[in-house]
Amino acid sequence: MNEKVKVAIIGSGNVGMDLYYKVLKSKHLEIGLITNNVYSENIRRLEELGVPTSIDGIQAIVDHPECAEIVFDATTAKAHIEHAKILKDLHKVAIDMTPARVGVQVVPAVNLEENLNADNINLISCGGQAVVPIIKAISDCVHIQYVEGVNTSASKVVGMGTRANVDEYTQHTGEAMQEIGVADEAKALIVINPAEPPIPMHNTIFAVCEKLDEVLAEQIDKAIRASVKNIQQYVPGYVMTTEPQFDYQRKLVTVMVEVTGAGDFLPPYAGNLDIITQAAIITADKIAENMLKDRKS
């Protein structure tokens, strides 16, 4: 049997449970513990499956540090600020699913390889994972003066954690769009859509460029399509819903993408959660692969 790296998940809500089912499919990861602050229906379900669980929150990892080398934090931005200090002292690699921005911001399709040795990786937000690669594809071709990313997700799969972190979401997603995507100015917006039946995650990117002509448009179109294919390697449900649109007079590029979830634990319309859990798994997988190589060398 191949050796695997143990991981722990803090939080047994939708994100934590989706991570659990994705870990089961991983080549390099196995569950060491799932911990929550209260007894919940999901904890009961995990107990019945024979999964190691706790209701002591992060204290369970403090008490049993051998349970994991990599820890996914699927709680809140406020909680992770405290968790980050504890996990660092325990020499655990933290993968932060909240918009706390304690660690280095990572979008696997853009900057994972250069950050594999970081002890705290922040996955920004679902919107950040969806729009930053497209922005970077555009900025690789032409200077972006202003960019806006609008994320619309179904109300049914926008949990209390996200709702409590809306300010952090918009601020830190905008910062990632500006810094990783590379733009002079950026703004992130989130729309929580109560429509029935629920709609898949939809993202619209508006980029105002320094210049734009037919030659640049062709280069940008090619770069965007390459970026989409790259993301699809770990998020198969990520697709463009329309061809990239070019307004030469306003020097505006508009791109629309939709994310359908894999359906591991959540319904397919929960693409907003699926994209960030998929990002977390590919990140942890690559870190674990390096850990296992180091053990053999």
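Residues numbered from 1 in each chain as written. Predicted model: local features only at pLDDT ≥ 70, side-chain atom pairs only at ≥ 80, totals over all residues. Heavy atoms only, no water.

Caption draft 1: Molecular detail of the overall build of the chain. Per the secondary structure count, the chain includes ten helices and 13 strands. On C-alpha atoms alone, the chain measures out to a radius of gyration of 19 Å, which is about the 19 Å that the 2.2 N^0.38 rule sets for 297 residues. Along the longest, intermediate and shortest principal axes, the C-alpha atoms of the chain span 60 × 50 × 35 Å. Within the chain, the proportion of its 297 residues that are buried is 53%. (Helix = DSSP H or I, 4+ residues; strand = E, 2+ residues; numbered from the N terminus. Rg over C-alpha atoms; globule rule 2.2 N^0.38 Å. Buried < 20%, exposed > 50% of the residue type's maximum accessible area, 1.4 Å probe, protein only.)

Caption draft 2: Structural detail: helix H8 (residues 166–179). The terminal C-alpha atoms of H8 lie 20 Å apart, and with 14 residues this matches the ideal 20 Å at 1.5 Å per residue to within 8%. Listed in full, the buried residues belonging to H8 are Tyr-169, His-172, Thr-173, Gly-174, Ala-176 and Met-177. Of the surrounding elements, those touching the buried residues of H8 are strand S6 (104–105), helix H6 (126–139), strand S8 (144–154) and strand S9 (185–193). (Expected span 1.5 Å × (residues − 1). Contact = heavy atoms within 4.5 Å.)

Caption draft 3: The arrangement of the packing of helix H1 (residues 14–23) against helix H2 (residues 41–48) in detail. One way to put it is that H1 packs onto H2 with a least axis distance of 11 Å and a crossing angle of 20°. When the axes of H1 and H2 are compared, the pair comes out roughly parallel. Read as a crossing pair, H1 and H2 show a hand that is left-handed. Packed against H1, whose contacting residues are Met-17, Tyr-20 and Tyr-21, the element H2 presents Asn-42, Arg-45 and Leu-46 at the interface. Among the residues forming the contact of H1 with H2, the class breakdown is four nonpolar, one polar and one charged. (Axes fitted to C-alpha atoms, helices over the stretch in contact; angles between N-to-C directions. Parallel < 35°, antiparallel > 145°, perpendicular 65-115°, else oblique. Left-handed = near helix turned anticlockwise from the far one by under 90°. Nonpolar A, V, L, I, M, F, W, Y, C, P; charged D, E, K, R; others polar.)

Caption draft 4: Main features of the sheet that holds strand S3 (residues 53–54). Overall, parallel pairing links the seven strands, which are arranged S3-S2-S1-S4-S5-S7-S6 in an open sheet. Edge positions in the open sheet fall to S3 and S6, since each of these has one partner strand only. Of the strand pairs in this sheet, strand S1 (residues 5–10) and strand S2 (residues 29–35) are connected by six bridges, and their pairing is parallel. Looking across to S2, one finds that Ile-10 is bridged to Thr-35. (Pairing = 2+ DSSP bridges.)

Caption draft 5: Up close: unusual backbone geometry. Of note, the amide linkage connecting Glu-196 to Pro-197 takes the cis form, showing an omega dihedral of 0°. Within the secondary structure, Pro-197 is located in the loop between S9 and strand S10 (201–209). One non-glycine residue, Val-182, adopts positive backbone phi at about 75°. If you trace the backbone, Val-182 turns up in the loop between H8 and S9. Notably, Lys-251 is not glycine yet its phi reads approximately 55°, a positive angle. Mapped onto the elements of the fold, Lys-251 is located in the loop between strand S12 (245–247) and strand S13 (252–259).

Caption draft 6: Representation of the pattern of salt bridges. What the rule picks out here adds up to 19 salt bridges. The salt bridge involving Lys-25 is made with Asp-264; its shortest N-O contact spans 2.7 Å. In this pair, Lys-25 is assigned in the loop between H1 and S2 and Asp-264 in the loop between S13 and helix H10 (271–296), connecting sequence segments 239 residues apart. We classify Lys-25 as exposed; its relative accessible area is 56%. Note that Arg-101 and Glu-175 form a salt bridge whose closest N and O atoms lie 2.7 Å from each other. Pair noted here: Arg-101 is in the loop between strand S5 (93–96) and S6 and Glu-175 is in helix H8, with a separation of 74 residues, a long-range link. Each of Asp-18, Lys-22, Lys-25, Asp-264 and Asp-274 takes part in salt bridges that share partners, so that together they form one network. (Salt bridge = Lys/Arg side-chain N within 4 Å of Asp/Glu carboxyl O.)

Caption draft 7: Representation of the nonpolar core in the model. Core analysis: the biggest nonpolar cluster contains 78 residues, and Ile-70, Phe-72, Met-97, Ile-138 and Tyr-238 have the highest contact counts within it. Take this core: its biggest share by element is eleven residues, from H10. Excluding its chain neighbours within four sequence positions, the residues that come into contact with Tyr-238 are Ala-130, Ile-134, Val-228, Ile-231, Gln-232, Val-257, Glu-258, Val-259 and Ile-275. One finds Leu-33, Ile-58, Ile-61 and Leu-87 within the second-largest nonpolar core, a separate group that totals eleven residues. (Core = buried A, V, L, I, M, F, W, Y, C linked by side-chain atoms within 4.5 Å.)

Caption draft 8: The side chain of Ser-153, seen in detail. For Ser-153, the location among the structural elements is in strand S8. Side chain to side chain, Ser-153 and Asn-151 meet in a polar contact 3.2 Å long. Those residues within four positions of Ser-153 in sequence are excluded, and the remaining contacts are Val-158, Val-191, Ile-192, Asn-193, Met-201 and Asn-272. (Polar contact = N/O pair within 3.5 Å; in protein donor to acceptor, adjacent residues only side chain to side chain.)

Caption draft 9: Looking closely at the packing of H6 against H10. Closest axis-to-axis distance for the H6/H10 pair is 7 Å, and the angle between their directions is 75°. Overall, the two elements H6 and H10 adopt an arrangement that is roughly perpendicular. Of the residues in H10, those in contact with Cys-126, Gln-129 and Ala-130 of H6 are Asn-272, Ile-275, Ile-276 and Ala-279.

Caption draft 10: Main features of the pairing of S8. Counting buried positions along S8 gives nine out of eleven residues, so the element sits mostly inside the fold. The pairing of S8 with S10 spans eight bridges and is classified as antiparallel. Within S10, the residue paired with Val-147 across the bridge is Ala-207. Relative to S9, S8 is paired through nine bridges, and the arrangement is parallel. Considered in S9, the bridge of Ala-154 is made with Asn-193.

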